[in-house]
Amino acid sequence: MKRFLKILLISIFSITVIFMMVVLGFRFWLKNNLPQYIKEKTPYNITYKDLKIRFLQGDIIANKVNISNKNLDNQEVIGLDGSIDEIYISNMGIYDALVNQSLNSNQIKLRQPNLKITLAKPTDKKNLKKKASIVFENVEINDGNFEIEKHDRSPFFKIKKLSLSIESLNLAEHDAVRKLPFTFDNYTIKGNDIECFPNEIYKITAKSIDTKSQQISVKDFALLPLISEQDFSIKYPHQNLFFFNAVEMIFKDIVLKNNKITIDNVVFSQPKITMYANQLKKKEKKNISTYELDLKNINLNNAQFNLLDSKGKEKLLVKNINASIKEFFMNEESAKNKIPFTYKNYKIRTDAVVFNANEYYRFTLNRWKADENSWDLENFSMIPLLSRQEFSKRIPAERDWYDIKIAKTKISGIDFKFSNNQPNVKITNVNTQGVKAIIYRSKFPKDDLSRKKMYSELLRSIKFPLLVQNLKVTEAYLQYEEDNTNDNPAGKLIFSNLNLNAHNINSNKGYQNTMVPVAINCQLMKTSPMKVNWSFDTARNDDFFKISGIVTNLPASQVNWFIRPYLNVSIEGEVNHLNFDFSGSNAQIYGKMNMKHQNLKVNIMDKNTKEKKKLLSAIVNLVVKANSNKFPESVEVNVKRDHTKSFFNLFWRGIEDGLKKTLIPKDIQEKEDKIKKSVEKVKEIKKETKILKHEIKETF
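Scope of this entry: the structure provided in the associated data block. (Residues numbered from 1 in each chain as written. Predicted model: local features only at pLDDT ≥ 70, side-chain atom pairs only at ≥ 80, totals over all residues. Heavy atoms only, no water.)

Another point: the overall build of the chain. In terms of regular secondary structure, the chain is built from nine helices and 30 strands. Counting contacts in the chain only where the partners sit at least 6 residues apart, residues at least 24 apart contribute 61% of the total. Of the roughly 41,700 Å² of accessible surface on the chain, 54% is carried by carbon and sulfur atoms. (Helix = DSSP H or I, 4+ residues; strand = E, 2+ residues; numbered from the N terminus. Contact = heavy atoms within 4.5 Å. Areas by Shrake-Rupley, 256 points an atom, 1.4 Å probe, with all protein chains shown as cover.)

Within the secondary structure layout, Asp309 lies in strand β15 (residues 292-309). Notably, Asp309 is buried but unbridged: the nearest opposite-charge side chain belongs to Lys315, and the N-O separation is 5.9 Å. Engagement of the side chain of Asp309 in a polar contact is seen with the backbone nitrogen of Lys313, the distance being 2.8 Å. (Buried < 20%, exposed > 50% of the residue type's maximum accessible area, 1.4 Å probe, protein only. Lys, Arg positive; Asp, Glu negative; His and termini not counted. Salt bridge = Lys/Arg side-chain N within 4 Å of Asp/Glu carboxyl O. Polar contact = N/O pair within 3.5 Å; in protein donor to acceptor, adjacent residues only side chain to side chain.)

With that out of the way, let us pick up empty space enclosed by the protein. Applying the stated criterion across every chain, the model contains two cavities of 30 Å³ or more. In this model, the largest cavity occupies a volume close to 60 Å³. Around the largest cavity, the lining residues are Glu229, Phe232, Ser233, Gln239, Leu241, Tyr276, Ala277, Asn278 and Ser310. Listed by contribution, the elements that provide at least two residues to the lining of the largest cavity are α3 (229-235) and β14 (272-277). For the lining of the largest cavity, the element with the highest residue contribution is α3, accounting for three residues. Of the residues assigned to the lining of the largest cavity, the class counts are four nonpolar, four polar and one charged. In this model, the second largest cavity occupies a volume close to 50 Å³. Taken together, Met454, Tyr455, Ser456, Trp534, Phe536, Asp543, Phe544, Phe545 and Phe647 make up the lining of the second largest cavity. Looking at the lining of the second largest cavity, the elements with two or more residues in it are α5 (455-460) and β26 (528-537). (1 Å grid on protein atoms, 1.4 Å probe; cavity = no way out; pocket = protein on both sides within 12 Å on 5 of 7 lines; lining within 4 Å. Points joined across faces, edges and corners; volume = space filled by probe spheres on them. Nonpolar A, V, L, I, M, F, W, Y, C, P; charged D, E, K, R; others polar.)

Looking now at the packing of aromatic side chains. Under the defined criterion, the tally for this structure stands at 23 aromatic pairs. Here the aromatic rings of Tyr455 and Phe647 are separated by 6.1 Å at their centres, their planes lie at 80°, and the arrangement is edge-to-face. With Tyr455 in helix α5 and Phe647 in helix α8 (residues 647-663), the pair connects residues that are 192 residues apart, well separated along the chain. For Tyr455, a relative accessible area of 35% puts it in the partly exposed group. Every member of this aromatic cluster is reached through a ring pair, and the members are Tyr455, Trp534, Phe536, Phe545, Phe647 and Phe648. (Phe/Tyr/Trp six-rings, centres within 6.5 Å; stacked < 30°, edge-to-face > 60°.)

We now examine a nonpolar patch on the surface. Judged by side-chain polarity, Tyr343, Phe416 and Phe418 come together as a nonpolar surface patch covering roughly 270 Å² of accessible area. The residue Phe418 is located in strand β21 (residues 401-419) in this model. Residue Phe418 is classed as partly exposed on the basis of its relative accessible area of 33%. (Patch = residues over 30% accessible without salt bridge, like charges linked within 9 Å, V, L, I, M, F, W, Y side chains within 5 Å.)

It is worth spelling out the nonpolar core at this point. In terms of nonpolar packing, the biggest core is built from 72 residues, with Phe545, Ile547, Phe580, Phe582 and Met593 touching the most fellow members. In this structure Met593 touches Leu578, Asn579, Phe580, Phe582, Ser634, Val635, Val637, Ile655, Gly658, Leu659 and Thr662, once residues within four positions along its chain are discounted. Counting 52 residues, the second largest nonpolar core, distinct from the first, contains Ile84, Ile166, Leu223 and Phe244. (Core = buried A, V, L, I, M, F, W, Y, C linked by side-chain atoms within 4.5 Å.)

This next bit is on the pattern of salt bridges. Under the counting rule described, the total for this entry stands at 22 salt bridges. A salt bridge links Arg153 to Glu149; its shortest N-O distance comes to 3.8 Å. Residue classification places Glu149 among the buried residues on the basis of a relative accessible area of 8%. Lys296 is the salt-bridge partner of Asp294, the closest N and O atoms lying 3.0 Å from each other.

Attention shifts here to a positive patch on the surface. Together, Lys190, Lys207, Lys212 and Lys219 give the surface a local cluster of positive charge. As for its placement among the helices and strands, Lys207 is situated in strand β10 (residues 202-212). Relative accessible area serves as the criterion here: at 53%, Lys207 is assigned to the exposed category. (Charge placed at Lys NZ, Arg CZ, Asp CG, Glu CD.)

As for its placement among the helices and strands, Asn586 is situated in the loop between β28 (569-584) and β29 (588-604). Along the backbone, Asn586 and Asp642 are 56 residues apart, and their C-alpha atoms lie at a distance of 9.1 Å. In this structure, Asn586 is in contact with Met454, Asn541, Asp542, Asp543, Arg641 and His643, ignoring residues within four places of it in sequence. Among the polar contacts made by the side chain of Asn586, one reaches the side chain of Asp543 at a distance of 3.2 Å.

So, on to the pairing of strand β27 (residues 545-555). Inspection of the sheet shows β26 paired to β27 by seven bridges, in the antiparallel sense. Looking across to β27, one finds that Lys531 is bridged to Ile550. In the sheet, β27 pairs with β28 via 10 bridges, with the strands oriented antiparallel. Within the sheet, the bridge partner assigned to Ile547 lies in β28 and is Phe582. (Pairing = 2+ DSSP bridges.)

Below, the structure is given as structure tokens:
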């Protein structure tokens, strides 16, 4: 047994001695033959002032190194040209480097490198060979200047005064799931005057980059186009062109693992984004990134966004944007959706928002505050860019001219989701305060003969589930004017102190209750209380609706603002109340209307001369009672719908039909014609009598 142990120990000792002799001999050979090996086996001319190899530690130190390519025209290998003051490689696996083409080292240091690097020509994927893996425990660069070119000698990347430290860097070929080509743990980086040319469209610049406590700070960052807007729109008709700059960008706790990029905090200080939007529809992207992007917190401080059309005209301007997004995540699966990312919550606050919608209108907003649950908007305006007359001349067919202002709008209880790649929107409350809307329509442009949808059909046409449980409008003012071609003044309707409550506004997508009730209280023509109850059902294809209401204490003179231009009728006196109770559909409106009035006098106006038709007015006033009964009879209303007109046109025609039947008897025109004929006959008799008298005088 003792003999066996003795033999075993001697054998182990002998093998160890032989191994050490082989290692020492190999390293001794390497020291004397490495220069020749580099000269013969590498594509580079490498010279150095001094080379030290520490046998036991496996360290290599080279000073005053100069490097250049042997064949400057060879694009198959990376081009290197420059100098390195000192290279230090610690504990290098020399056998793997020479035999297996795998670099494994505990540490590599480059001091004062000044290198111009030309990237190798991209290899055809079909002929792609396996790349050598590179594993460094630590990489350190001190005070380096780097200039990297693409294989065609066009610029790619520049940086000055680079100081870099990376722990556990691992560079390897992409695997089957196309993971990131490198990973690392801790890092520090510092550099100045950075330039990057990722493609032929953009240039990236930064004044400096620095790290402190695992936080990267990039100052004076800019993304600048290398191509003019006109050339870009011609060459890339389906893409948008961007300008971007920021005073500072901060990235904290960057972690790269497999195919996932995780950043704990991202901050953009005073970023300014300008986008030139191309008019052509964007093509769908075929290549989707497989990297996962996980940003725990994104913050924008005092940002500004400009959207311009392809001709450089401003479409959208948003100032002083302060925003934060939590748990931003994007991967291959989410990128397939219409919203290519997910998030947990967000907060946005902006100052002025200006949107030039088209040649006719500009939308402005003084302040916008939003999060995932609610939105607050202040001082919204829809501003016409043309006068009423200019607008009427410019439009090809009849269209409303708008001037709208809204003091405050609060949207709360927002539940926004995406399912089956379509939105699902549910809102608890929409409260709007201080609306002032002036609407004008001219009849001079040609008629718009397109079919108009009822409100129930408009909601039903929305392609995704939408539900607004409560809509409340307070302190609103609505003025509608319509100009006719009959030379009458524009007809005018005014609804002031308007308060509206609507419930269950829905798109009929999976909801059991589809009835939409609307209650309105206001003053008509600034003087008379008016109440309206209106309801419709988005599920009914016939667009059935009900609308009823009452107007009280209405001076007749106020009604003339609207009825005179349309009916060529003016009235005097007072309407104590006007009741209507209508039902209808997309085909007609029908129901009852009655009016209680006193001291009523009707004036029939001539369509051409605008003068009062005295005889006909007198006859009408003989028929119409100046004072209605205590319980006036209702008139039946039944009007077919003109499908080229809106719902409110149908509603007004129902009121108009009721007014006609209340104020003007059916046979009044016939009576006027008979009286006219009688008068004419009397005039003829008188004329004949005068002639006869004259003839008698002449005879005698």
